[in-house]
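# Residue-level structural notes
What follows is the residue order along each chain.
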Amino acid sequence: MKYNFDEIVDRRNTDSIKWGNLKETFGEEDILPMWVADMDFKAPTEVIEAFKERVQHGVFGYTWIQDSFYDAIINWVKRRFNWDIKKEWILFIPGVIPGLSIGVRELTNEGEKVLIQPPVYPPFYEVINNNNRVINKNPLKHNGKKFVMDYEDLEKKIDEETKLMILCNPHNPVGRVWTKEELEILGYICVKNDLTIICDEIHSDFILKGYKHTPLATISKELEQRTITLMAPSKTFNIPGLATAFAIIPNPDLRNKYQKAIKALRIDNITIFGALGLETAYNKGEEWLEELLKYIEYNIDFAIDYIHKNIPEVEVDRPEGTYLLWLNFKKLNKTSDEIYKALIEVGKVALNDGRQYGEEGDGFFRLNVGCPKATLEEGLRRIEKAVKSL
Ligand SMILES: Cc1ncc(COP(=O)(O)O)c(C=O)c1O
C-alpha cells in the first residue's frame, strides 16, 4: 500500500462538524463520532502537496475557470463510468445540496410535488420543504435480501402536481448501487409520465467489487435529455469542506434554465482550493481511490462479521456502494429513543438516527466506516456495549 489509511488523525479542534461540538449535539463530549458522511482519512498526498505549493505562493485571488478543470471532469467520468460528456454540459456549483435546491426551484412551482425514495438523505426533504414544494414519497421496500424500488407504488404516486424526482444513485443510506435494469424500469416510468429527474450521484465513486455504477443519463437518449446529474470530488477524495461540485446537463433548455439561476445568484464561480482540489484529485488521485476502496471493503466486511458474531440482534445488508452501513435494530423491540440513549450514554458512540431519513428509518441507525480500522473496532465494541445494556 502506498497510502496509510491506518493513520489516526486527531480531528478535534479543527472546526469539523463530525468531531466538534459533540457536547452541544449529543450532550456528551467523550463520544466517538461515526455519523456525518465524511471520512477520517487524509486527502490524497498529491492533493495536499498541490495545496502546500499554492499556500506557499501566498496570493489567493479570484479564480478563472480553466479548460483543464473541465478536462479533469470529462476524463474522470469517461474513465470511471464510460460516459462521454461535453464541456458545455458541465456547470460548477458550490455543492450537491445547493445543486438540488436550484433544480427544485427551477423545475417546479411552489405547491408542486417532488418524488423521493425514503429512507433517504435528509437534505432531500430540506430542499423540497424549504422551497415550499411538497414531498411525494415512493418508499423503498425490503425484499428479504436488499432494498428495492417499488415501481407499482411509484406509478400510483405520480399525479398532475408531480413534475420532478430526486434520485439517489448509489443510495444513501441503504447502500444500493442501482442496476442498469432497475434504472431502465424507473426511467421508463419517468419518461412515460414526463418527469424530470435530478440524479444525485455523489457516491458513485464508492462502488464495491462486483458492482457497477450506471449514470441514469446513460440509460437512453430520452433519459439523458431529462436528467440533471450531480457529482463531486468531495466524498470521493474526502475534500467536502472545499464546497465544489458540478451538474451535468445535456439538454440545452434544461441547462439554460439551470445556468440562469446560478448566474442570477452569482454562484457560477469556483474557489481557488476547490478548483485545485478537483483537478488534482481527478488527475492524480485514482491510485489513492483504488487503495481506499480496498480499505473500505475490508472495513465493511470486518464490521458485518463483527455484528453477526457479537451483536446478532442487529441486522445489516452488505452495501454495494458508499462507506455507510444501515443498521437495523428492530429485533431488539426497543424504541429508537431508547436505542439512541443507549448508544450515546452507555456506548458513547454517535451514529445517525434513522428517523432523520424519514419515518421509514425508524429503528435504524447509520454507521460510517470511513475511518481507520482501529477506530472502527472501537466503535463496534461501543455499539455492542450499548446493545447489551438494552
Ligand atoms: C446523497 C448525498 N448528496 C449530497 C451530499 C452532500 O453534498 P454537498 O456537500 O456537495 O452539498 C451528501 C453528503 O453526505 C450525500 O450523501
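Calculation rules
- Residues numbered from 1 in each chain as written.
- Predicted model: local features only at pLDDT ≥ 70, side-chain atom pairs only at ≥ 80, totals over all residues.
- Heavy atoms only, no water.
- Pairing = 2+ DSSP bridges.
- Helix = DSSP H or I, 4+ residues; strand = E, 2+ residues; numbered from the N terminus.
- Disulfide = S-S within 2.5 Å.
- Buried < 20%, exposed > 50% of the residue type's maximum accessible area, 1.4 Å probe, protein only.
- Near = heavy atom within 4 Å.
- Polar contact = N/O pair within 3.5 Å; in protein donor to acceptor, adjacent residues only side chain to side chain.
- Areas by Shrake-Rupley, 256 points an atom, 1.4 Å probe, with all protein chains shown as cover.
- Expected span 1.5 Å × (residues − 1).
- Contact = heavy atoms within 4.5 Å.
- Salt bridge = Lys/Arg side-chain N within 4 Å of Asp/Glu carboxyl O.

Attention shifts here to the sheet that holds strand S11 (residues 324-328). Spatially, 3 strands are ordered S11-S14-S13 in an open sheet, and the strand pairing comes out antiparallel. Looking at strand neighbours, the two that pair on one side only are S11 and strand S13 (352-353), the edges of this open sheet. Bridge analysis of S13 against strand S14 (residues 364-368) gives 2 bridges, and the strand direction is antiparallel. Counted as the bridge partner of aspartate 353 is phenylalanine 365 from S14.

The next subject is the state of the cysteines. Counted under the stated rule, the structure contains 0 disulfides. The cysteine cysteine 199 is free of any disulfide, with cysteine 168 supplying the nearest cysteine sulfur at 8.2 Å. Assessed through its relative accessible area of 0%, cysteine 199 is described here as buried.

Attention now moves to the site of the ligand. Surrounding the ligand, one finds Ala37, Gly95, Val96, Ile97, Pro98, Tyr121, Cys168, Asn172, Asp200, Ile202, His203 and Lys235. In this structure, isoleucine 97 approaches the ligand through a main-chain N or O atom, which is 3.0 Å from an oxygen atom. Between the ligand and the protein, one listed contact pairs a nitrogen atom with a side-chain N or O atom of aspartate 200 at 2.5 Å. In isolation the ligand exposes 400 Å². Once the protein is present, 87% of that is buried. Considering each element in turn, the shell around the ligand owes the most residues, 3 residues, to helix H4 (residues 96-107).

What follows deals with unusual backbone geometry. Of note, the amide linkage connecting proline 118 to proline 119 takes the cis form, showing an omega dihedral of 0°. Checked against the element boundaries, proline 119 lands in the loop between strand S3 (113-116) and helix H5 (123-129). Omega for the bond connecting asparagine 172 with proline 173 falls within 30 degrees of zero, at 20°, which places this linkage in the cis form. Structurally, proline 173 is set in the loop between strand S7 (162-168) and helix H7 (180-192). Even without being glycine, asparagine 132 reaches a positive phi, approximately 60°.

Here we come to helix H10 (residues 272-284). With 13 residues, H10 extends 18 Å from end C-alpha to end C-alpha; this agrees with the ideal 18 Å at 1.5 Å per step. Listed in full, the buried residues belonging to H10 are Ile272, Gly274, Ala275, Leu276, Gly277, Leu278, Thr280, Ala281 and Tyr282. Buried residues belonging to H10 abut helix H2 (45-57), helix H3 (67-81), strand S2 (90-93), strand S10 (245-248) and helix H11 (286-310).

Any two side chains of opposite charge can pair, so long as their charged atoms come close to each other. Scanning the entire structure with this criterion turns up 36 salt bridges. A salt bridge links arginine 11 to aspartate 38; the shortest N-O distance between them is 2.8 Å. Taken together, the positions of arginine 11 in the segment before helix H1 (22-26) and aspartate 38 in the loop between strand S1 (32-33) and H2 put the pair 27 residues apart, joining distant regions of the chain. Relative accessible area serves as the criterion here: at 16%, arginine 11 is assigned to the buried category. For aspartate 38, a relative accessible area of 13% corresponds to the buried category. Ionic pairing is found between lysine 18 and aspartate 38, a salt bridge with its closest N-O pair at 4.0 Å. Here the residue lysine 18 occupies a position in the segment before H1, and aspartate 38 occupies one in the loop between S1 and H2, the gap between them amounting to 20 residues. Residue classification places lysine 18 among the buried positions, given a relative accessible area of 1%. Each of Arg11, Lys18, Asp38 and Asp40 takes part in salt bridges that share partners, so that together they form one network.

Geometry only, nothing functional implied.
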